[in-house]
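Each chain is listed here by its residues.
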Amino acid sequence: MKRMLKQLAAALTVGALSIGTAHAVLITQWTYNNEAGFSAFTGEGGTVINSSGNSGVILGLPTTLSWGPNNSSSLVADSPVIGVVNTNGAQVPGVPLTHNNFPIALGNSLESAVLSDALRLTPILPAPGPDFDAPVLEFQILFAETPNAGGAGGACAGGGVSGDADNPGGCRDVFVLSNPGELGQIQFTIDDFEYTVQIDAVGLGPLADDACAAVGAAAGCIGFLTQENATNTLETFFTITAVPLQIPEPGILALLGLGLGALGFARRRTK
């Protein structure tokens, strides 16, 4: 009987230690599907904005907005972007946003749009797992078409003058994000790890006050400028990082105490 009780106590001790050190496994690699499309848009002064394309299986939204004579100007989300991303690894490309900027008459352009962005992650290492859909982000875009005349001219919103090195062919057009806080981080928890998706856009930043005013935004707005007679692309990227959650370990001593209490009770029953 004594030997059996010792084995019971040892088993309780090993069980307590195993419970105290058990953790879920970090997901180290994922496939991803990044989609973006336009969920809303308006034209300046009632200008007709044509939409086309399909972002993919998640959102099913149009990816191209076009306007002007023969739809000569357009805003395009090149969606979807599918690839592989490693946790705590290098950044990978997301959906780029392209403005095909060609001369059109003032008052005949896009005025605003909402770009919806979705990210689906599927674990593949160390083992396949179910899809995870990050919350859909919605970027509020304000747009201003600027004068297109070439050669030396008047001052341009955002700096320089029409026809200089920064504004060849005319002043650059203005895009502003009215909710730049949507860029940044998305956080979620799977098992015992907190994962963070960090989103970045190359070329996006603070604009001059007159550029902000051109779209009716407050000073210090965030956006980008696009050259006339050119294709301008805003590249996006993201990374995934992870840290273990601070989960309290089970009370090993408490479990041992329960085991020893059971041992003492069993000995009394034996006597």
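The structure displayed is predicted, hence computed values, not measured ones. (Residues numbered from 1 in each chain as written. Predicted model: local features only at pLDDT ≥ 70, side-chain atom pairs only at ≥ 80, totals over all residues. Heavy atoms only, no water.)

### Regarding the overall build of the chain
Looking only at helices and strands, the chain has three helices and 16 strands in total. Carbon and sulfur atoms make up 59% of the accessible area of the chain, which amounts to about 13,600 Å² in all. (Helix = DSSP H or I, 4+ residues; strand = E, 2+ residues; numbered from the N terminus. Areas by Shrake-Rupley, 256 points an atom, 1.4 Å probe, with all protein chains shown as cover.)

### What about the pattern of salt bridges?
Throughout the structure, instances matching the rule amount to one salt bridge. For D133, the salt bridge identified is with R120, shortest N-O distance 2.7 Å. In this pair, D133 is assigned in strand β9 (residues 132-133) and R120 in strand β8 (residues 110-125), connecting sequence segments 13 residues apart. With relative accessibility at 41%, the residue D133 sits in the partly exposed group. (Salt bridge = Lys/Arg side-chain N within 4 Å of Asp/Glu carboxyl O. Buried < 20%, exposed > 50% of the residue type's maximum accessible area, 1.4 Å probe, protein only.)

### Let's talk about the environment of T63
Looking at where T63 falls in the secondary structure, it is placed in the loop between β2 (50-52) and β3 (64-67). The spacing of T63 and E35 is 28 residues in sequence and 9.4 Å in space, taken between C-alpha atoms.

### Side note on unusual backbone geometry
With an omega of 0°, the peptide bond between S79 and P80 qualifies as cis. Within the secondary structure, P80 is located in the loop between β4 (73-77) and β5 (81-86). A cis amide bond links L125 with the next residue in sequence, P126, at an omega value of 5°. Along the chain, P126 turns up in the loop between β8 and β9. A positive phi angle, close to 55°, is found at D191, a residue other than glycine. Tracing the backbone through its elements, the reader meets D191 in the loop between β12 (185-190) and β13 (193-202).

### Quick notes on the confidence of the model for the chain
Predicted coordinates in areas of low pLDDT are best not read in detail. On average, residues of the chain score 84 in pLDDT, and 80% of them are at 70 or above. pLDDT under 50 marks residues 11-22. Its contacts with residues more than four places away, or in other chains, come to ten contacts. (pLDDT = per-residue confidence, 0-100. Contact = heavy atoms within 4.5 Å.)

### Examining the side chain of T64
Its place among the elements puts T64 in strand β3. In contact with T64, other than residues within four places in its own chain, are F38, N50, S51, S52, S74, L75 and V76.

### Things to note about the packing of aromatic side chains
Counted by the stated rule, this structure contains nine aromatic pairs. A centroid spacing of 6.1 Å and a plane angle of 85° characterise the contact between W30 and F188, whose relative ring orientation is edge-to-face. Note that W30 is positioned in strand β1 (residues 29-43) and F188 in strand β12, a separation of 158 residues in sequence. For the pair formed by W30 and F188, the shared burial category is buried. (Phe/Tyr/Trp six-rings, centres within 6.5 Å; stacked < 30°, edge-to-face > 60°.)

### Focus on the state of the cysteines
A disulfide bridge is the covalent bond that connects two cysteines by way of their sulfur atoms. In this structure the tally under the stated criterion is two disulfides. The partner cysteine of C156 in its disulfide is C171, sulfur to sulfur 1.9 Å. The S-S bond linking C156 to C171 shows a torsion near -75°; that makes this disulfide left-handed. You can see C156 sitting in the loop between β10 (137-144) and β11 (173-177) and its partner C171 sitting in the loop between β10 and β11, a full 15 residues away along the chain. C171 matches C156 in its accessibility class, with the two residues each being buried. A sulfur-sulfur separation of 2.0 Å characterises the disulfide bridge that pairs C212 with C221. Negative torsions about the S-S bond denote left-handed disulfides, and the value of about -95° found for C212 with C221 makes this one left-handed. Both residues of the pair, C212 and C221, belong to the buried class. For the chain, the disulfide bridges join cysteines in the arrangement 1-2, 3-4, where the cysteines are counted in sequence order. (Disulfide = S-S within 2.5 Å.)

### Topic: the side chain of R172
Along the chain, the position of R172 falls in the loop between β10 and β11. This buried residue, R172, is left without a salt bridge; D166 holds the nearest opposite charge, at 4.8 Å. Those residues within four positions of R172 in sequence are excluded, and the remaining contacts are T146, G158, G159, D166, N167, L225, T226 and Q227. (Lys, Arg positive; Asp, Glu negative; His and termini not counted.)

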